[in-house]
Amino acid sequence: MSRLEQAIISMVEVFENYASKDDKKHQLSTAELKALMEEELTSPEFKDKIHADDLKEAMELLDKNHDGEVNFREFSRCVAALAKGYYKQKRGKGGKKGKGKEEDA
């Protein structure tokens, strides 16, 4: 299995693992999202950038349909944003150069 296939499967399995902890098996509650972030983002590149105090704000940003929970589509956007941030950090580019412009992504 390729690395990309493993990454996709891992992403789906992580979401399902945390979303299955209550009655709504296809959505993450605030508590499930908090547990996921605390337990799955452990390396300094990610953990140091996410603070427990910011969880409410993160939930509001992720919860595009405003139902108080994060579905898989919303979770996917979060993972994509983390990947994009890591990519920029790795390349040494942190600032935005222009509104609406995408850099090599």
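You'll find the structure just up there.
Structural notes, computed from the coordinates. (Residues numbered from 1 in each chain as written. Predicted model: local features only at pLDDT ≥ 70, side-chain atom pairs only at ≥ 80, totals over all residues. Heavy atoms only, no water.)

**Regarding the pattern of salt bridges**
Here comes step 1: Under the definition given, this model contains one salt bridge.
Here comes step 2: The residue Glu-38 makes a salt bridge to Lys-34 at a minimum N-O spacing of 2.8 Å. Of this pair, Glu-38 and Lys-34 both sit in helix 2 (residues 30-40), four residues apart, which is roughly one turn of that helix.
Here comes step 3: For Glu-38, a relative accessible area of 39% translates into the label partly exposed.
Here comes step 4: Assessed through its relative accessible area of 35%, Lys-34 is described here as partly exposed. (Salt bridge = Lys/Arg side-chain N within 4 Å of Asp/Glu carboxyl O. Helix = DSSP H or I, 4+ residues; strand = E, 2+ residues; numbered from the N terminus. Buried < 20%, exposed > 50% of the residue type's maximum accessible area, 1.4 Å probe, protein only.)

**What about the side chain of Glu-69?**
Here comes step 1: The residue Glu-69 is located in the loop between helix 4 (55-62) and strand 2 (70-71) in this model.
Here comes step 2: Take Glu-69: its relative accessible area is 10%, and that puts it in the buried class.
Here comes step 3: Contact partners of Glu-69, with chain neighbours within four places excluded, come to Lys-24, Gln-27, Leu-28, Ser-29, Met-59, Asp-63 and Glu-74. (Contact = heavy atoms within 4.5 Å.)

**Focus on the environment of Lys-21**
Here comes step 1: Of note, Lys-21 is situated in the loop between helix 1 (3-19) and strand 1 (27-28).
Here comes step 2: When the C-alpha positions of Lys-21 and Glu-32 are compared, they lie 7.5 Å apart, and in sequence the two are 11 residues distant.

**Quick notes on the packing of helix 1 against helix 5 (residues 72-91)**
To describe two helices that pack against each other, one gives the angle between their axes and the distance between the axes.
Here comes step 1: It is at 11 Å that the axes of helix 1 and helix 5 come closest, and there the two elements cross at 125 degrees. Comparing the axis directions of helix 1 and helix 5 gives the class oblique. Handedness of the helix 1/helix 5 crossing: right-handed. Mapping the contact onto sequence places Met-11, Val-12, Val-14 and Phe-15 in helix 1 and Phe-72, Phe-75, Ser-76 and Val-79 in helix 5. (Axes fitted to C-alpha atoms, helices over the stretch in contact; angles between N-to-C directions. Parallel < 35°, antiparallel > 145°, perpendicular 65-115°, else oblique. Left-handed = near helix turned anticlockwise from the far one by under 90°.)

**Some points on helix 5**
Here comes step 1: Helix length check: helix 5 (20 residues) gives 28 Å between terminal C-alpha atoms against 28 Å at 1.5 Å per residue, within 8%.
Here comes step 2: Considered for burial, the residues of helix 5 that qualify are Glu-74, Phe-75, Cys-78 and Lys-88. For helix 5, the arc enclosing every buried residue in end-on projection is 150 degrees, short of the 170-degree limit, so these residues lie on one face. Exposed residues pointing more than 90 degrees away from the buried face of helix 5 are listed as Arg-73 and Lys-90.
Here comes step 3: N-capping of helix 5 is provided by Asn-71, with a side-chain oxygen placed 3.1 Å from the backbone N of Arg-73.
Here comes step 4: One or two positions beyond helix 5, positive phi appears at Gly-92, with a value near 80 degrees. (Expected span 1.5 Å × (residues − 1). Arc of directions from axis to C-beta. Polar contact = N/O pair within 3.5 Å; in protein donor to acceptor, adjacent residues only side chain to side chain.)

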